[in-house]
Structure formats: structure tokens, C-alpha cells
Amino acid sequence: MAEVKLAAQVRTEFGKGAARRTRRANLVPAVVYGHGAAPVHVNLPGHELMMALKTANVLIGLEIDGKDALVIPKAVQRNPLKGHIEHVDLLTVKRGEKVNVEIAVHVEGDLAPGGNLLEYVQNTLLVEAEATHIPESVTVSVAGLDAGASVLAKDIPLPKGSVLAGDEDAIVLQVVAAQAEEPAAEGAEAEGAEA
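The notes below deal with the structure included here. Here the structure is a predicted model, which is why all the values come from computation and not from measurement. (Residues numbered from 1 in each chain as written. Predicted model: local features only at pLDDT ≥ 70, side-chain atom pairs only at ≥ 80, totals over all residues. Heavy atoms only, no water.)

Attention now moves to the overall build of the protein chain. Helix and strand counts for the protein chain stand at three helices and 13 strands. For the protein chain, the C-alpha radius of gyration of 24 Å lies well beyond 16 Å, the compact-globule estimate for 195 residues. Dimensions along the principal axes, computed over C-alpha positions, put the protein chain at roughly 80 × 50 × 25 Å. Classification of the 195 residues of the protein chain by burial places 33% in the buried group. Taking the intrachain contacts of the protein chain between residues at least 6 apart in sequence as the baseline, contacts between residues at least 24 apart amount to 62%. For the protein chain, the accessible area works out to roughly 11,900 Å², and carbon and sulfur atoms hold 50% of it. Averaging the positions of the 17 positive and the 27 negative side-chain charges in the protein chain gives two centres separated by 20 Å. (Helix = DSSP H or I, 4+ residues; strand = E, 2+ residues; numbered from the N terminus. Rg over C-alpha atoms; globule rule 2.2 N^0.38 Å. Buried < 20%, exposed > 50% of the residue type's maximum accessible area, 1.4 Å probe, protein only. Contact = heavy atoms within 4.5 Å. Areas by Shrake-Rupley, 256 points an atom, 1.4 Å probe, with all protein chains shown as cover. Lys, Arg positive; Asp, Glu negative; His and termini not counted. Charge placed at Lys NZ, Arg CZ, Asp CG, Glu CD.)

Here is the structure:
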């Protein structure tokens, strides 16, 4: 995964009014924490941050007052109506350090014929990976699976260098038979028309 470079400005103003002024200047308030260090409050460029966060678990290289910090997004708060980023929590990581992250589960292949439906029980999988080599997603083949079949977390092949961090017996995907609606009885339709 490529590293995205962003320049951060240390934030000295706090509170709702200061955050609004920051957002009007097309900046996003953020907090950088981790490794037992005191949290650092910063402002990040809004557009560049939005583009970086389009990649899940992106590795961001921050320059804060001449010092470099390697971070990954831990929590992103968005405006519920407009969708723009309001605040970001960033976790400091080191090269070679292992981190627990959730990665997306994608499927490929066709289910067995017969009107089967695929149900996602979990859309993501919790894995432990090196901070500089976090996989974007995992792909699972569901080719030929029939109703009643399920895919457990331990059955999903993980990219090299990643290990499962969650419950290995958790169901991630399951195949269910399509439910057909039974036609209403003719007698019931006649009673409904009279009423």
C-alpha cells in the first residue's frame, strides 16, 4: 500500500467555534495519538485528506512542525447530511509494527443454481498485519455453494503477512434459499372484497 503524504498544522484553538472556522478554511480537525505519547491536535487539508481516506486503512505520512509521523485512520466522523469529514482520529504506527484492522470481504463466482441468495453476516474481517503492508480486502470464492452452506472466518484465505485477529469460527457469509410468497387463497380474497 502506498503512503500518502500530508502536511499538518498544530491546532491551538479548541471548541465548536474554532472547529467551524477550521472547516470554513477547508481544513479538518484531527487528533494524533498512540505509543504512550501525549495526543497532538492538528488541522489537515480537507481535500487531500478526503482523497486519502477513499482507500481503506490508508497509511498517511504526516509532517508536523518539521517532524514526520506515520499514522493510520482510527475513526472518521462525517456530517450525516452533507457527508463531508468533520473530524479524524489518527493512530501513530511504526514500520514493522503489527496492527489490528478491519478489511473488506469481496466475493467472486456464482452460487449453485436454484434461486439461492448470498447473505453477508459480516462485511469486514478483523486481521492483524504489519502497519506498512495492510491488505485492502480479501476475496472469497462462492462458486457452486448451495443453500445451507456457510463460509467461516478461518476458511477465508488471507494475504501473506496477515493473520486472523477475530473469532475464527465466526460466520462471514451464508447461502440461503430464496423464500417465495405463497399465493393468497381464493376464499380469503373474496372475503376481503366484501368487507
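A separate point is the sheet that holds strand E1 (residues 3-10). By definition, the strands of a sheet pair up through backbone hydrogen bonds, in either a parallel or an antiparallel sense. Reading around the circumference, E1-E3-E2-E6-E5-E4 is the order of the six strands in this closed barrel, with mixed pairing throughout. Adjacent strand axes in the sheet meet at a mean angle of 45°, parallel and antiparallel pairs treated alike. Bridging between E1 and strand E3 (residues 37-45) involves two bridges; their strand directions are antiparallel. Paired with Gln9 across the two strands is Asn43, which belongs to E3. The strands touched by helix H1 (residues 16-24) within the sheet are strand E2 (27-34), E3 and strand E6 (85-92), with E2 carrying the most contacts at an inclination of about 115°. (Pairing = 2+ DSSP bridges. Axes fitted to C-alpha atoms, helices over the stretch in contact; angles between N-to-C directions.)

With that settled, the discussion passes to a positive patch on the surface. Where like charges cluster on the molecular surface, the positive patch consists of Lys16, Arg20, Arg23 and Arg24. With respect to the helices and strands, the residue Lys16 is situated in helix H1. (Patch = residues over 30% accessible without salt bridge, like charges linked within 9 Å, V, L, I, M, F, W, Y side chains within 5 Å. Salt bridge = Lys/Arg side-chain N within 4 Å of Asp/Glu carboxyl O.)

Attention now goes to the sheet that holds strand E13 (residues 171-177). Spatially, the three strands line up as an open sheet ordered E8-E13-E11, and their pairing is antiparallel. Sheet topology places strand E8 (116-120) and strand E11 (150-152) at the edges, where each strand pairs with a single neighbour. Each strand of the sheet is rotated relative to its neighbour by a mean of 15°, with strand direction disregarded.

It is worth spelling out the nonpolar core at this point. Of all hydrophobic cores here, the largest spans 20 residues; its most connected members are Ile72, Val93, Val99, Val101, Leu125, Ile156 and Val172. Broken down by secondary-structure element, the contributors of at least two residues to this core are strand E5 (67-78), strand E7 (98-108), strand E9 (124-130), strand E10 (137-141) and E13. Here this core takes four residues from E7, the largest share from any one element. Setting aside chain neighbours within four positions, we find Ile156 in contact with Leu125, Val138, Val140, Val151 and Val172. Formed by 18 residues, the second largest nonpolar core is a distinct cluster that contains Val32, Ile64, Ala69 and Val71. (Core = buried A, V, L, I, M, F, W, Y, C linked by side-chain atoms within 4.5 Å.)

Without other data, these values stay purely geometric and don't point to any function.
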